[in-house]
Amino acid sequence: MRLPLGKIKIRDDQGYDTIIKTEEFEEKRVGQQVDIPNPIVKIENLTLKYSGTPALIDINMEIPKYKATAFIGPSGCGKSTLIRCLNRLNELIDGVTIEGSIKISGMDIFDPKIDVTELRKRVGMVFQKSNPFPKSIYDNVAYGPRIGGIKSRSLLDEMVEKSLRSAALWDEVKERLNESAIGLSGGQQQRLCIARAIAVEPEVLLMDEPCSALDPIATGKIEDLITELKQNYTIVTVTHNMQQASRVSDYTAFMYLGRLIEYDITEKIFLTPSKKQTEDYVSGKFG
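Here is a short report on the structure shown in this document. Nothing here was measured: the structure is a model prediction, and the numbers come from that model.

Conventions used here
- Residues numbered from 1 in each chain as written.
- Predicted model: local features only at pLDDT ≥ 70, side-chain atom pairs only at ≥ 80, totals over all residues.
- Heavy atoms only, no water.
- Buried < 20%, exposed > 50% of the residue type's maximum accessible area, 1.4 Å probe, protein only.
- Helix = DSSP H or I, 4+ residues; strand = E, 2+ residues; numbered from the N terminus.
- Pairing = 2+ DSSP bridges.
- Axes fitted to C-alpha atoms, helices over the stretch in contact; angles between N-to-C directions.
- Parallel < 35°, antiparallel > 145°, perpendicular 65-115°, else oblique.
- Contact = heavy atoms within 4.5 Å.
- Nonpolar A, V, L, I, M, F, W, Y, C, P; charged D, E, K, R; others polar.

## As for the pairing of strand 6 (residues 53-64)
Residues in a regular strand point their side chains to alternate faces of the sheet.
Right, on to step 1. Burial analysis of strand 6 places ten of its twelve residues in the buried class, which makes it a mostly covered element.
Right, on to step 2. By the bridge criterion, eight bridges tie strand 5 (residues 39-50) to strand 6 in an arrangement that is antiparallel. For Leu48, the partnering residue across the bridge sits in strand 6 and is Leu56.
Right, on to step 3. Between the end of strand 5 and the start of strand 6, which pair antiparallel, lie two residues, with Ser51 showing a positive phi angle near 50 degrees.

Shown next, in the form of C-alpha coordinates:
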(Lines give C-alpha, C1' and ligand atoms only; values in the text may rest on other atoms or scores of the structure.)
Protein backbone atom coordinates (compact mmCIF):
# COMPACT_ATOMS: atom_id res chain seq x y z
CA MET A 1 0.00 0.00 0.00
CA ARG A 2 1.25 3.50 -0.80
CA LEU A 3 0.42 6.83 0.74
CA PRO A 4 -0.78 9.41 -1.82
CA LEU A 5 0.91 12.61 -2.88
CA GLY A 6 0.10 15.51 -0.63
CA LYS A 7 1.53 17.99 1.82
CA ILE A 8 2.98 17.40 5.23
CA LYS A 9 4.21 19.73 7.96
CA ILE A 10 7.57 18.58 9.33
CA ARG A 11 9.34 20.03 12.36
CA ASP A 12 13.11 19.92 12.13
CA ASP A 13 15.64 19.34 14.92
CA GLN A 14 15.72 23.07 15.70
CA GLY A 15 11.94 23.22 16.14
CA TYR A 16 11.04 25.00 12.89
CA ASP A 17 7.99 23.94 10.89
CA THR A 18 8.12 23.48 7.12
CA ILE A 19 5.25 22.62 4.79
CA ILE A 20 6.60 20.42 2.00
CA LYS A 21 4.88 18.61 -0.82
CA THR A 22 5.58 14.94 -0.31
CA GLU A 23 6.16 12.17 -2.74
CA GLU A 24 4.53 8.77 -2.46
CA PHE A 25 5.73 6.56 0.37
CA GLU A 26 5.11 2.90 0.79
CA GLU A 27 3.33 2.20 4.04
CA LYS A 28 4.94 0.19 6.87
CA ARG A 29 8.54 -1.00 6.89
CA VAL A 30 9.27 0.66 3.57
CA GLY A 31 12.72 1.70 4.68
CA GLN A 32 14.34 -1.61 5.63
CA GLN A 33 15.52 -3.58 2.63
CA VAL A 34 17.73 -6.06 4.44
CA ASP A 35 17.40 -8.77 7.05
CA ILE A 36 19.51 -7.73 10.04
CA PRO A 37 21.59 -10.48 11.67
CA ASN A 38 21.76 -10.39 15.45
CA PRO A 39 19.76 -7.17 15.96
CA ILE A 40 20.24 -5.42 19.30
CA VAL A 41 17.74 -2.61 18.62
CA LYS A 42 14.24 -3.14 17.25
CA ILE A 43 12.13 -0.09 16.37
CA GLU A 44 8.48 -0.67 15.48
CA ASN A 45 5.91 1.84 14.26
CA LEU A 46 7.74 4.75 15.89
CA THR A 47 6.09 8.14 15.47
CA LEU A 48 7.23 11.26 17.31
CA LYS A 49 5.48 14.64 17.35
CA TYR A 50 6.49 18.01 18.73
CA SER A 51 3.28 19.67 19.99
CA GLY A 52 1.29 17.63 17.49
CA THR A 53 3.63 18.21 14.54
CA PRO A 54 5.30 15.03 13.24
CA ALA A 55 9.08 14.80 13.25
CA LEU A 56 9.27 11.00 12.83
CA ILE A 57 6.63 9.01 10.98
CA ASP A 58 6.13 5.26 11.38
CA ILE A 59 9.78 4.19 11.63
CA ASN A 60 10.45 0.44 11.47
CA MET A 61 14.00 -0.85 11.55
CA GLU A 62 16.46 -3.15 13.30
CA ILE A 63 20.03 -2.22 14.21
CA PRO A 64 22.68 -4.98 14.31
CA LYS A 65 24.93 -5.67 17.26
CA TYR A 66 28.65 -4.88 17.03
CA LYS A 67 28.25 -2.97 13.77
CA ALA A 68 28.31 0.71 12.85
CA THR A 69 25.05 2.09 11.46
CA ALA A 70 24.94 5.57 9.93
CA PHE A 71 21.88 7.80 9.49
CA ILE A 72 22.10 10.16 6.53
CA GLY A 73 19.69 12.68 5.04
CA PRO A 74 19.19 16.43 4.66
CA SER A 75 18.94 18.77 7.64
CA GLY A 76 15.69 18.45 9.54
CA CYS A 77 14.87 14.97 8.24
CA GLY A 78 14.75 13.44 11.72
CA LYS A 79 18.15 11.77 12.06
CA SER A 80 19.11 13.31 15.40
CA THR A 81 15.56 13.02 16.68
CA LEU A 82 15.61 9.29 15.94
CA ILE A 83 18.85 8.48 17.73
CA ARG A 84 17.75 10.59 20.71
CA CYS A 85 14.76 8.30 20.99
CA LEU A 86 17.11 5.42 21.75
CA ASN A 87 18.06 6.87 25.15
CA ARG A 88 14.86 8.87 25.64
CA LEU A 89 16.51 12.28 25.45
CA ASN A 90 13.59 13.66 23.43
CA GLU A 91 11.39 13.33 26.48
CA LEU A 92 13.22 16.30 27.99
CA ILE A 93 11.53 18.54 25.39
CA ASP A 94 8.12 19.99 26.25
CA GLY A 95 5.21 18.87 24.08
CA VAL A 96 6.80 15.68 22.76
CA THR A 97 4.56 12.66 22.19
CA ILE A 98 5.87 9.26 21.14
CA GLU A 99 4.00 6.25 19.76
CA GLY A 100 5.37 2.83 18.88
CA SER A 101 8.06 0.76 20.55
CA ILE A 102 11.82 0.48 20.85
CA LYS A 103 13.45 -2.62 22.30
CA ILE A 104 17.12 -2.86 23.18
CA SER A 105 18.34 -6.37 23.93
CA GLY A 106 14.68 -7.30 24.33
CA MET A 107 13.99 -4.54 26.86
CA ASP A 108 11.10 -2.17 26.07
CA ILE A 109 12.70 1.20 26.79
CA PHE A 110 9.30 2.89 27.18
CA ASP A 111 8.21 0.51 29.91
CA PRO A 112 7.17 2.67 32.91
CA LYS A 113 9.30 0.45 35.15
CA ILE A 114 12.49 1.34 33.26
CA ASP A 115 15.00 3.49 35.14
CA VAL A 116 15.96 6.15 32.59
CA THR A 117 19.30 6.75 34.28
CA GLU A 118 20.16 3.07 33.91
CA LEU A 119 18.99 3.17 30.28
CA ARG A 120 21.38 6.02 29.54
CA LYS A 121 24.24 3.99 30.98
CA ARG A 122 23.38 1.21 28.56
CA VAL A 123 22.95 3.64 25.67
CA GLY A 124 25.76 6.20 25.76
CA MET A 125 25.78 9.46 23.81
CA VAL A 126 28.46 11.60 22.17
CA PHE A 127 27.21 14.96 20.95
CA GLN A 128 28.06 17.13 17.97
CA LYS A 129 29.98 19.62 20.10
CA SER A 130 32.39 18.13 22.60
CA ASN A 131 31.23 18.82 26.15
CA PRO A 132 33.92 17.84 28.66
CA PHE A 133 33.14 18.65 32.28
CA PRO A 134 35.17 21.51 33.82
CA LYS A 135 37.14 18.91 35.73
CA SER A 136 40.42 17.08 35.28
CA ILE A 137 40.87 14.57 32.48
CA TYR A 138 40.86 11.80 35.08
CA ASP A 139 37.67 13.01 36.77
CA ASN A 140 35.86 13.30 33.45
CA VAL A 141 36.37 9.62 32.71
CA ALA A 142 35.88 8.47 36.30
CA TYR A 143 32.62 10.42 36.67
CA GLY A 144 30.30 7.67 35.41
CA PRO A 145 31.87 4.82 37.39
CA ARG A 146 31.82 6.96 40.55
CA ILE A 147 28.13 7.73 40.07
CA GLY A 148 27.65 4.00 39.64
CA GLY A 149 29.14 3.37 43.07
CA ILE A 150 32.79 2.59 42.29
CA LYS A 151 34.92 3.99 45.11
CA SER A 152 38.17 2.02 44.88
CA ARG A 153 40.95 4.24 43.57
CA SER A 154 42.84 1.32 42.05
CA LEU A 155 39.73 0.13 40.22
CA LEU A 156 38.98 3.66 39.02
CA ASP A 157 42.58 3.96 37.80
CA GLU A 158 42.13 0.77 35.76
CA MET A 159 38.82 1.92 34.31
CA VAL A 160 40.16 5.36 33.38
CA GLU A 161 43.21 3.90 31.65
CA LYS A 162 41.15 1.28 29.83
CA SER A 163 38.63 3.85 28.60
CA LEU A 164 41.30 6.32 27.47
CA ARG A 165 43.15 3.54 25.66
CA SER A 166 39.91 2.44 23.98
CA ALA A 167 39.39 6.05 22.88
CA ALA A 168 42.95 6.21 21.48
CA LEU A 169 43.81 9.03 23.89
CA TRP A 170 45.87 7.43 26.66
CA ASP A 171 49.31 8.00 25.16
CA GLU A 172 48.52 11.69 24.61
CA VAL A 173 47.26 12.44 28.12
CA LYS A 174 48.74 9.86 30.51
CA GLU A 175 51.12 12.46 31.95
CA ARG A 176 48.36 15.09 32.20
CA LEU A 177 45.51 13.26 33.92
CA ASN A 178 45.20 15.89 36.66
CA GLU A 179 45.05 18.79 34.20
CA SER A 180 41.79 20.39 33.13
CA ALA A 181 40.02 18.71 30.23
CA ILE A 182 39.20 22.17 28.87
CA GLY A 183 42.87 22.54 27.87
CA LEU A 184 42.68 19.70 25.36
CA SER A 185 42.32 20.31 21.63
CA GLY A 186 38.90 19.92 20.01
CA GLY A 187 39.68 16.47 18.68
CA GLN A 188 41.10 15.35 22.01
CA GLN A 189 38.05 16.68 23.83
CA GLN A 190 35.77 14.67 21.56
CA ARG A 191 37.79 11.50 22.18
CA LEU A 192 37.66 12.26 25.90
CA CYS A 193 33.86 12.45 25.66
CA ILE A 194 33.92 9.06 23.95
CA ALA A 195 36.13 7.69 26.74
CA ARG A 196 33.71 9.10 29.30
CA ALA A 197 30.77 7.47 27.53
CA ILE A 198 32.37 4.01 27.30
CA ALA A 199 33.70 4.07 30.88
CA VAL A 200 30.33 2.71 32.06
CA GLU A 201 30.42 -0.06 29.41
CA PRO A 202 27.30 0.80 27.37
CA GLU A 203 25.76 -1.69 24.95
CA VAL A 204 25.06 1.00 22.36
CA LEU A 205 27.04 4.17 21.65
CA LEU A 206 25.20 7.00 19.89
CA MET A 207 27.21 9.64 18.02
CA ASP A 208 25.42 12.74 16.75
CA GLU A 209 27.63 14.40 14.12
CA PRO A 210 30.76 13.65 16.19
CA CYS A 211 33.17 15.10 13.61
CA SER A 212 31.30 18.17 12.35
CA ALA A 213 33.40 20.63 14.40
CA LEU A 214 36.75 18.89 13.82
CA ASP A 215 39.58 19.36 11.33
CA PRO A 216 40.41 16.57 8.85
CA ILE A 217 43.18 15.07 11.00
CA ALA A 218 40.99 14.90 14.10
CA THR A 219 38.13 13.58 11.97
CA GLY A 220 40.34 10.77 10.70
CA LYS A 221 41.18 9.77 14.28
CA ILE A 222 37.51 9.63 15.24
CA GLU A 223 36.70 7.56 12.14
CA ASP A 224 39.49 5.11 12.98
CA LEU A 225 38.16 4.99 16.51
CA ILE A 226 34.65 4.10 15.33
CA THR A 227 36.11 1.17 13.40
CA GLU A 228 37.90 -0.03 16.54
CA LEU A 229 35.00 0.53 18.93
CA LYS A 230 32.48 -1.51 16.97
CA GLN A 231 34.41 -4.62 17.96
CA ASN A 232 32.93 -4.18 21.45
CA TYR A 233 30.04 -1.74 21.06
CA THR A 234 27.11 -1.16 18.76
CA ILE A 235 27.67 2.22 17.08
CA VAL A 236 24.87 4.42 15.74
CA THR A 237 26.02 7.66 14.16
CA VAL A 238 24.41 10.64 12.46
CA THR A 239 26.41 12.35 9.74
CA HIS A 240 25.93 14.86 6.92
CA ASN A 241 29.19 13.62 5.41
CA MET A 242 28.27 10.82 3.02
CA GLN A 243 31.92 9.94 2.39
CA GLN A 244 32.29 9.45 6.12
CA ALA A 245 29.21 7.23 6.24
CA SER A 246 30.62 5.12 3.42
CA ARG A 247 33.97 4.78 5.20
CA VAL A 248 32.91 3.91 8.74
CA SER A 249 29.48 2.26 8.59
CA ASP A 250 28.37 -1.28 7.87
CA TYR A 251 24.74 -0.25 7.38
CA THR A 252 23.27 3.07 6.25
CA ALA A 253 19.77 4.48 6.71
CA PHE A 254 18.56 7.31 4.48
CA MET A 255 15.88 9.53 6.01
CA TYR A 256 13.73 12.22 4.42
CA LEU A 257 10.87 14.28 5.87
CA GLY A 258 10.72 12.24 9.04
CA ARG A 259 10.50 8.89 7.25
CA LEU A 260 12.97 6.08 6.77
CA ILE A 261 13.22 5.86 3.00
CA GLU A 262 15.84 3.15 2.61
CA TYR A 263 18.01 1.08 4.93
CA ASP A 264 20.51 -1.51 3.75
CA ILE A 265 24.17 -2.46 3.83
CA THR A 266 26.25 0.64 3.16
CA GLU A 267 27.70 -0.57 -0.14
CA LYS A 268 24.19 -1.17 -1.49
CA ILE A 269 22.94 2.25 -0.40
CA PHE A 270 25.79 4.08 -2.11
CA LEU A 271 26.26 1.95 -5.22
CA THR A 272 22.88 0.44 -6.07
CA PRO A 273 20.11 2.06 -3.99
CA SER A 274 16.59 0.75 -4.46
CA LYS A 275 14.81 4.11 -4.16
CA LYS A 276 15.20 7.03 -6.54
CA GLN A 277 15.12 9.46 -3.61
CA THR A 278 18.13 7.69 -2.13
CA GLU A 279 19.97 7.72 -5.43
CA ASP A 280 19.28 11.44 -5.90
CA TYR A 281 20.55 12.23 -2.41
CA VAL A 282 23.76 10.19 -2.46
CA SER A 283 24.54 11.49 -5.97
CA GLY A 284 24.22 15.08 -4.74
CA LYS A 285 21.08 16.09 -6.65
CA PHE A 286 19.60 17.52 -3.45
CA GLY A 287 20.41 17.95 0.23
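There is more to say after this.
## Quick notes on the sheet that holds strand 6
Sheet strands pair via backbone hydrogen bonds, and the direction of the pair is either parallel or antiparallel.
Right, on to step 1. Reading across from one edge, 6-5-8-9 is the order of the four strands in this open sheet, with antiparallel pairing throughout. Two strands bound the open sheet, and with one partner strand each, they are strand 6 and strand 9 (107-108).
Right, on to step 2. Of the pairings in the sheet, the one linking strand 8 (residues 96-104) to strand 9 comprises two bridges and is antiparallel in character. Among the inter-strand pairings, Ile104 is bridged to a residue of strand 9, identified as Met107.

## So, the packing of helix 3 (residues 137-147) against helix 6 (residues 186-198)
Right, on to step 1. Direction vectors running N to C along helix 3 and helix 6 enclose 30 degrees, while the axes themselves pass 7 Å from each other. On the basis of their axis angle, the class for helix 3 and helix 6 is roughly parallel. Seen from helix 3, the contacting residues are Ile137, Asn140 and Val141; seen from helix 6, they are Leu192, Ala195 and Arg196.
Right, on to step 2. Grouping the constituent residues of the contact of helix 3 with helix 6 by class yields four nonpolar, one polar and one charged.

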